[in-house]
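Take a look at the letters that make up each chain.
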Amino acid sequence: LYSGCALLMLYIVGLGDDLVGVRYRTKFVVQVFCAVMLLAGGLGVDNFGGLFGLYALPCGVTWLMTIMTVVLIINAVNLIDGIDGLASGLSAIALGFFAAIFYIHGVYDCAMIALATMGVVLSFFYYNVFGDPARGKKIFMGDTGSLTTGLVLSFLALQLTGINNGGVFAADVLVIAFAPLAIPCLDVIRVFVHRVIRGNSPFLPDRVHIHHKLLALGFPQRPAMITILAMSAGVIGLDLLISPAVSTFVIVLIDLAAWIVGNYFLTKAIRARQVREGITHGYD
């Protein structure tokens, strides 16, 4: 009930933003309220499972971590929706993975939610990527789609943190819950940090997302989208593969290090291309 009300509320805000515009502060407040509603429904990040040496969390920390996690995932899906098929493709990968894990654990209601949402997202993906605008068959996600998809992914990830893994892939449950969301979440964290360092508001748009970097490097939109989807699938596979051998803390460090190093070399390659071609603008 609480999750459904939160989803409806975010849908209305997203619809309002697509039709007439809604201030980012208003959207942020609504996202926080939706996270509180998930908490009221019994969901939350209440155990780190040994990450950073922490296990069961106090009530106040649980509320803070849950709100931060939900807001992060919602904004990650919303802000990575910059080229055709990217947000929906990443969401479809995560939803398909969640559906499989829930089915294996016998949590069939959550598996059905994940599958139903994936069906909607894949249908959108087709018309967003392959639709012909001249025939009126191309559609776009907008905030209505990205915000609600982000909330569904938040709900499913929080549900996964509460199950007993039981040795599936011999991976830690936190890895299973958040590996499918690693690429959009790491991207939005990097972008927010970049904006704050530059003295800008973290909510104001710019062109430093991972897809902007690939485009600045000369990638056409569709190959850039496919590259990022492949990166997401690779992160999921790698995290699951190494999880039995190392701690969740080490996996977080590996993911962060790979993301930072990869973005560093991407930026260097972009600068080198700009120097070769005499480009003085177009990438911040």
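Residues numbered from 1 in each chain as written. Predicted model: local features only at pLDDT ≥ 70, side-chain atom pairs only at ≥ 80, totals over all residues. Heavy atoms only, no water.

K.L.:
How would you summarise the overall build of the protein chain if you had to cite specific residues and measurements?
P.N.:
Secondary structure summary: the protein chain contains 11 helices and zero strands in total. Taken over the C-alpha trace, the protein chain has a radius of gyration of 19 Å; the compact-globule value for 284 residues is 19 Å, and the two agree within 12%. Dimensions of the protein chain, computed from C-alpha atoms along their principal axes, come out at roughly 55 × 45 × 35 Å. Of all 284 residues assigned to the protein chain, the portion counted as buried reaches 46%. In the protein chain, once contacts between residues fewer than 6 apart in sequence are set aside, the share between residues at least 24 apart is 69%. By element, 69% of the accessible surface of the protein chain is carried by carbon and sulfur atoms, the whole surface being about 13,800 Å². (Helix = DSSP H or I, 4+ residues; strand = E, 2+ residues; numbered from the N terminus. Rg over C-alpha atoms; globule rule 2.2 N^0.38 Å. Buried < 20%, exposed > 50% of the residue type's maximum accessible area, 1.4 Å probe, protein only. Contact = heavy atoms within 4.5 Å. Areas by Shrake-Rupley, 256 points an atom, 1.4 Å probe, with all protein chains shown as cover.)

K.L.:
So, helix α6 (residues 142-161): which residues are in play, and what are the values?
P.N.:
In a regular helix each residue adds 1.5 Å, so 20 residues correspond to 28 Å; α6 covers 29 Å between its end C-alpha atoms and thus fits that length. Counting buried positions over the 20 residues of α6 gives 18, a clear majority of the element. (Expected span 1.5 Å × (residues − 1).)

K.L.:
Account for helix α11 (residues 248-277), with residues named and values stated.
P.N.:
With 30 residues, α11 ought to run about 44 Å at 1.5 Å a step, and its terminal C-alpha atoms sit 43 Å apart, in line with that. Three or more residues of α11 are buried, namely Thr248, Ile251, Asp255, Trp259, Asn263, Leu266, Ile270 and Gln274. Summarising the contacts, the buried residues of α11 are in contact with α7 (173-178), α8 (182-197), α9 (210-216) and α10 (221-242). Two residues or fewer past α11, Gly278 is found with a positive phi of approximately 70 degrees.

K.L.:
Please set out the confidence of the model for the protein chain residue by residue, giving values where relevant.
P.N.:
The predicted model of the protein chain has a mean per-residue pLDDT of 89, with 95% of residues at 70 or higher. In the model of the protein chain, α7 stands out as the element of lowest mean pLDDT, 86, in contrast to helix α4 (residues 86-104), which has the highest, 95. (pLDDT = per-residue confidence, 0-100.)

K.L.:
How would you summarise the state of the cysteines if you had to cite specific residues and measurements?
P.N.:
Formally, a disulfide is one covalent bond, and it connects the sulfur atom of one cysteine to the sulfur atom of another. Under the criterion given, the structure shown has zero disulfides. A disulfide-free cysteine, Cys110 has its sulfur positioned 17 Å from the sulfur of Cys5, the nearest such atom. Left unpaired, Cys185 is separated from the closest cysteine sulfur, that of Cys34, by 17 Å. (Disulfide = S-S within 2.5 Å.)

K.L.:
Got a sec to walk through the nonpolar core? Specific residues and values, please.
P.N.:
Ranked by size, the top nonpolar core spans 57 residues in total, and within it Phe98, Leu151, Leu153, Leu156, Leu160 and Leu181 carry the most contacts. Per element, the largest residue contribution to this core is nine residues, and it comes from α6. The residues contacting Leu156, other than those within four sequence positions of it, are Leu95, Phe98, Phe102, Cys110, Ile113 and Ala114. In terms of nonpolar packing, the next biggest core, distinct from the first, is built from 21 residues, Ile80, Ile83, Ala87 and Leu186 among them. (Core = buried A, V, L, I, M, F, W, Y, C linked by side-chain atoms within 4.5 Å.)

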